[in-house]
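Letter by letter, the chains look like this.
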Amino acid sequence: MLRHEFQPGKLVAGLSLIATGAVYAGDAGGAWRTPWFVIVPLVIGGLCLAGATAALTRGIRGRGGS
């Protein structure tokens with residue numbers, strides 16, 4: 001039995017922020033060089049994708065329900 005409802009929008013948001021952190025961890029570790037302004041499209045793009053996923057999920061599931 002699930003304790004809470006699965007929300008794919010939050011999953012996508014979390015994965016995109018983890019990916020952004022991994023890009024900058026690689027830069028800090030010296031594996032590659034990342035310009036400072038790369039964070040803007042990574043975070044904004046990930047949050048937009050998460051919002052679209054959440055809207056699509058809400059449209060499929062509908063407003064009502066538990």
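Above this text sits the structure in question.
Residues numbered from 1 in each chain as written. Predicted model: local features only at pLDDT ≥ 70, side-chain atom pairs only at ≥ 80, totals over all residues. Heavy atoms only, no water.

> Could you give an account of the pattern of salt bridges, naming the residues involved and the relevant values?
In total, this model carries one salt bridge according to the counting rule given. Between glutamate 5 and arginine 61 there is a salt bridge, with its nearest N and O atoms 2.4 Å apart. In this pair, glutamate 5 sits in the segment before helix 1 (8–29) while arginine 61 sits in helix 2 (residues 39–61), placing the two residues 56 residues apart along the sequence. Judged by its relative accessible area of 40%, glutamate 5 is partly exposed. Residue classification places arginine 61 among the partly exposed positions, given a relative accessible area of 41%. (Salt bridge = Lys/Arg side-chain N within 4 Å of Asp/Glu carboxyl O. Helix = DSSP H or I, 4+ residues; strand = E, 2+ residues; numbered from the N terminus. Buried < 20%, exposed > 50% of the residue type's maximum accessible area, 1.4 Å probe, protein only.)

> Outline the packing of helix 1 against helix 2, supporting the account with residue identities and numerical values.
Packing of helix 1 against helix 2 leaves a shortest axis separation of 7 Å and a crossing angle of 165°. Relative to helix 2, the element helix 1 is oriented roughly antiparallel. Between helix 1 and helix 2 the crossing geometry is right-handed. Contact residues: Pro8, Gly9, Val12, Ala13, Ser16, Leu17, Thr20, Val23 and Tyr24 in helix 1; Ile39, Leu42, Val43, Gly46, Leu47, Leu49, Ala50, Thr53, Ala54, Thr57 and Arg61 in helix 2. A breakdown of the residues in the contact of helix 1 with helix 2 according to their chemical character gives 13 nonpolar, six polar and one charged. (Axes fitted to C-alpha atoms, helices over the stretch in contact; angles between N-to-C directions. Parallel < 35°, antiparallel > 145°, perpendicular 65-115°, else oblique. Left-handed = near helix turned anticlockwise from the far one by under 90°. Contact = heavy atoms within 4.5 Å. Nonpolar A, V, L, I, M, F, W, Y, C, P; charged D, E, K, R; others polar.)

> Describe the side chain of threonine 20, naming the residues involved and giving the relevant values.
Its location among the elements puts threonine 20 in helix 1. In this structure threonine 20 touches Ile39, Leu42 and Val43, once residues within four positions along its chain are discounted.

> Provide a residue-level description of helix 2, including the pertinent values.
Its 23 residues place the ends of helix 2 32 Å apart at the C-alpha level, agreeing with the 33 Å of an ideal helix rising 1.5 Å per residue. For helix 2, the full list of buried residues reads Gly46, Ala50 and Thr57. For helix 2, the secondary structure elements touched by its buried residues are helix 1. Looking one or two residues past helix 2, glycine 62 carries a phi angle of roughly 90°, positive in sign. (Expected span 1.5 Å × (residues − 1).)

> So, the environment of arginine 61: which residues are in play, and what are the values?
Aside from chain neighbours lying at most four places away, what touches arginine 61 is Glu5, Phe6 and Pro8. At 2.4 Å, the side chain of arginine 61 and the side chain of glutamate 5 are in polar contact. (Polar contact = N/O pair within 3.5 Å; in protein donor to acceptor, adjacent residues only side chain to side chain.)

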